[in-house]
Amino acid sequence: ENIMYGVERTVTEEEMIAAAQAAAIHDVILTFPEGYNTLVGERGVTLSGGQKQRVTLARTFLKNPRILILDDATSSVDTETEAAIRDALLQLMPGRTTIIIAHRVQTLMQANQVLVLDKGRMAQYGSPTELLAQPGSFQRLYDLQSRIEEEVEAEVAAALT
């Protein structure tokens, strides 16, 4: 019921599960005591911030809107889940206008155009490839985030050996 909240049409169980899988929340739901029938409390009080975001994304998949506005849709998830959500969004975005507000540069790499704001003003505009080729906020943020991801991956690899 939580995933289907606000969807103004009849939804099959298969559609609901497909939406949950696309939003990378299905496997989490299967770990709940009663799976999809588990009560999560008012406003999803028993869900983490990332789990709430993924349930909201599952709703979005079911609603199938013509205009999609995502405001930091992956801010409360780990990088692996972020990648799964990004892949799902790439399937959802064709044929609709999509506006993505993000602090993680990787979320924007498939965008047609990126508008970079700095202190409330437009600092840069162009495709991700164009912005990476020129000095500026986008390139600096990309370099910083890439370096952090590489360091974390190296630490994880070292810890596993």
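These numbers were taken from a predicted model, which means no experiment stands behind them. (Residues numbered from 1 in each chain as written. Predicted model: local features only at pLDDT ≥ 70, side-chain atom pairs only at ≥ 80, totals over all residues. Heavy atoms only, no water.)

(A) How the structure looks around the nonpolar core. The biggest cluster of nonpolar side chains holds 27 residues, and the ones touching the most others in it are Ile3, Ile25, Leu57 and Phe61. At the level of elements, α1 (13–22), α2 (26–30), α3 (49–63), β1 (67–71) and α4 (79–92) are the ones that each hand at least two residues to this core. Broken down by element, this core gets its largest block of residues, five residues, from α3. Counting six residues, the second-largest nonpolar core is a separate cluster that includes Val105, Leu108, Leu131 and Phe138. (Core = buried A, V, L, I, M, F, W, Y, C linked by side-chain atoms within 4.5 Å. Buried < 20%, exposed > 50% of the residue type's maximum accessible area, 1.4 Å probe, protein only. Helix = DSSP H or I, 4+ residues; strand = E, 2+ residues; numbered from the N terminus.)

(B) Spatial organisation of α1. Looking only at α1, the buried set comprises Met16, Ala19 and Ala20. Down the axis, α1 shows its buried residues gathered within 100° of arc, on one side only. On its buried face, α1 is in contact with α2 and α3. Looking one or two residues beyond α1, the residue adopting positive phi is Ala24, at roughly 60°. (Arc of directions from axis to C-beta. Contact = heavy atoms within 4.5 Å.)

(C) Local environment of a negative patch on the surface. Taken together, the side chains of Glu149, Glu150, Glu151, Glu153 and Glu155 present a region of like negative charge at the surface. With respect to the element layout, Glu151 can be found in helix α6 (residues 137–160). (Patch = residues over 30% accessible without salt bridge, like charges linked within 9 Å, V, L, I, M, F, W, Y side chains within 5 Å. Areas by Shrake-Rupley, 256 points an atom, 1.4 Å probe, with all protein chains shown as cover. Salt bridge = Lys/Arg side-chain N within 4 Å of Asp/Glu carboxyl O. Lys, Arg positive; Asp, Glu negative; His and termini not counted. Charge placed at Lys NZ, Arg CZ, Asp CG, Glu CD.)

(D) Just the environment of Tyr125, in detail. Position of Tyr125 relative to the elements: it lies in strand β4 (residues 121–126). Expressed as a C-alpha distance, the spacing of Tyr125 and Arg86, which sit 39 residues apart in the sequence, is 22 Å. With near-sequence residues (within four places) excluded, Tyr125 lies in contact with Gln113, Val114, Leu115 and Leu131.

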